[in-house]
Amino acid sequence: MTNSAIRVRGLRKAYAGVTAVSGLDLDVARGEVFALLGPNGAGKTTTVEILEGYRRRDAGEVSVLGSDPARPDAGWRARIGIVLQSSGGHDELSVQELVHHFAGYYPDARDPDEVIAAVGLDEKRATRARHLSGGQRRRLDVALGILGNPELLFLDEPTTGFDPEARREFWALITSLADGGTTIILTTHYLDEAEQLAGRVGVITGGRIVALDTPDRLGGRDHDHAVVRWSEDGLQRTERTATPTALVAQLAGRLGGEVPGLVVSRPTLEDVYLRLIGQPDHTLEVVS
Ligand SMILES: Nc1ncnc2c1ncn2[C@@H]1O[C@H](COP(=O)(O)OP(=O)(O)OP(=O)(O)O)[C@@H](O)[C@H]1O
């Protein structure tokens, strides 16, 4: 068995003249949690749908769990879990009924009751799907996505609409799946979510990957200069420097000890991401 979960070379897809994916290459190893980031319309969903076997490509080579998703068979499908951006249906069934019902479709299903507990819906087992809150409905989607014990799980913007506590609980669930060896492809607009969950992130814009690395190294983030802010003579000062420690020591000497209003910051994943997709850097804009 190869160590590759996903291998993509030169993937292309256009819709009636609109290029959605334009020569995308990607490798994801088994056991990785990989986040795909990018602005609206970048080509994430198109790429993921091609990987899932739900959309035809125009050109390129694609292998997912060793098979071409353009020719999916039931055995391959059963090895893949999908949590779509929006879901619905079966609204009159209870959580328990739904999860037990869908478990019957998989050759190697997890225990439905354990799955309900794992997504934190134990207290809602008897509740009809249409009476769940948005965040609870999303948990149910995840329950249905992991029910077949997939080797590869696609999560499309999984925590949209979650409250902060629910997001943390969801992250813990995803981490436990990853610890158990599930390969996870996550698309998200939440940079903190990518940073928390993903071993590597790929930034896609204009239908191709423009940067790919671990969250702490993306776009040269680990070598980026620090921004030092402080107050002096009634003014807010800001300086970007490769040697923040030396600058702070110099300021402490000049200002006679404590440096008023001192903040030293490195670019966040969001700063780097915005730079990569061509948005202006605002980190130096606060000088007054
Ligand atoms: N079914 C379709 N028919 C025509 N054009 C489409 C179709 N689906 C997507 N597109 C276009 O393809 C491009 C890529 O869309 P895609 O949905 O893959 O982007 P995305 O990165 O997933 O965006 P978002 O973050 O908004 O979900 C966009 O310009 C979009 O308008």
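Residues numbered from 1 in each chain as written. Predicted model: local features only at pLDDT ≥ 70, side-chain atom pairs only at ≥ 80, totals over all residues.

The protein goes by ABC-2 type transport system ATP-binding protein in an unreviewed UniProt entry, where it is assigned to Jiangella alba. Annotation of the protein in UniProt includes, under Sequence similarities (unreviewed entry), the sentence "Belongs to the ABC transporter superfamily." Comment text from UniProt for the protein, heading Subcellular location (unreviewed entry), reads "Cell membrane". (UniProt positions renumbered as here; feature names shortened; annotations may be inferred.)

> Honestly, the domain arrangement of the protein in this entry has me stumped. Any pointers?
When the parts of a complex come together, some accessible area is lost, and that lost area is often used as the size of the interface. Per the domain assignment, the segments of the protein are domain 1 (85–150) and domain 2 (225–265). In this structure, domain 1 and domain 2 have C-alpha centres spaced 53 Å apart. (Domains from an automatic or database assignment.)

> Would you mind going over the site of the ligand with me for this structure?
Residues in close proximity to the ligand include Tyr15, Val18, Ala20, Gly38, Asn40, Gly41, Ala42, Gly43, Lys44, Thr45 and Thr46, which together make up its full environment. Elements supplying a minimum of two residues to the shell around the ligand: strand S2 (18–29) and helix H1 (44–52). Partitioning the shell around the ligand into residue classes produces four nonpolar, six polar and one charged. (Near = placed C-beta within 6 Å. Helix = DSSP H or I, 4+ residues; strand = E, 2+ residues; numbered from the N terminus. Nonpolar A, V, L, I, M, F, W, Y, C, P; charged D, E, K, R; others polar.)

> Please explain the pairing of strand S8 (residues 200–205) as it appears in this structure.
Taken residue by residue, a regular strand's side chains alternate between the two faces of the sheet. Pairing of strand S3 (residues 33–37) with S8 involves four bridges; the strand directions are parallel. Bridge pairing in S8 places alanine 35 opposite valine 201. By the bridge criterion, five bridges tie S8 to strand S9 (residues 208–213) in an arrangement that is antiparallel. Counterpart to isoleucine 204 in the pairing with S9 is isoleucine 209. (Pairing = 2+ DSSP bridges.)

> For this particular structure, what's the right way to read the pairing of strand S11 (residues 235–241)?
Looking at chain direction, strand S10 (residues 226–232) and S11 are connected through seven bridges and run antiparallel. Each bridged residue has a counterpart across the sheet, and for alanine 226 the counterpart in S11 is threonine 241. Hairpin connection, S10 to S11: the antiparallel pair is bridged by two residues, and aspartate 233 has positive phi, about 55°.

> Could you clarify how one ought to interpret the nonpolar core in this entry?
Across soluble globular proteins, nonpolar side chains show a tendency to be buried alongside one another. Counting 57 residues, the largest nonpolar core has Ala35, Val99, Ala143, Ile184, Ile185, Leu186 and Ala198 as its most contacted members. Ignoring sequence-local partners within four residues, the contact set of alanine 143 consists of Val99, Val115, Ile116, Val119 and Leu121. (Core = buried A, V, L, I, M, F, W, Y, C linked by C-beta atoms within 7 Å. Buried ≥ 20, exposed ≤ 12 C-beta atoms within 10 Å, placed from the backbone. Contact = placed C-beta atoms within 7 Å.)

> Is there a simple way to think about the sheet that holds strand S6 (residues 152–156) in this case?
Adjacent strands of a sheet form backbone hydrogen bonds with each other and so pair up, either parallel or antiparallel. Read from one edge of the open sheet, six strands run S5-S6-S7-S3-S8-S9, paired in mixed fashion. Each of the sheet's edge strands pairs with one partner strand only, and the pair in question is strand S5 (80–83) and S9. The sheet shows a mean angle of 15° between the axes of neighbouring strands, direction not considered. As paired elements, S5 and S6 share four bridges and run parallel to each other. Its bridge partner lying in S6, glycine 81 is registered against leucine 153. Here H1 sits on the sheet in contact with S3, S5, S6, strand S7 (183–187) and S8, set at roughly 155° to S6. Contacts between helix H5 (residues 134–146) and the sheet are confined to S5 and S6, with S5 contributing the most and set at about 165° to the helix. (Axes fitted to C-alpha atoms, helices over the stretch in contact; angles between N-to-C directions.)

> When you look at the environment of valine 201 in this model, what are you seeing that I'm missing?
Structurally, the position occupied by valine 201 is in strand S8. Taking the C-beta count within 10 Å as the criterion, valine 201 has 27 such neighbours and is therefore assigned buried. Once the C-alpha coordinates of valine 201 and glycine 256 are considered, the two residues, 55 residues apart in sequence, prove to be 44 Å apart. Leave out the neighbours within four places in its chain, and valine 201 touches Ala35, Leu37, Ala194, Pro215 and Leu218.

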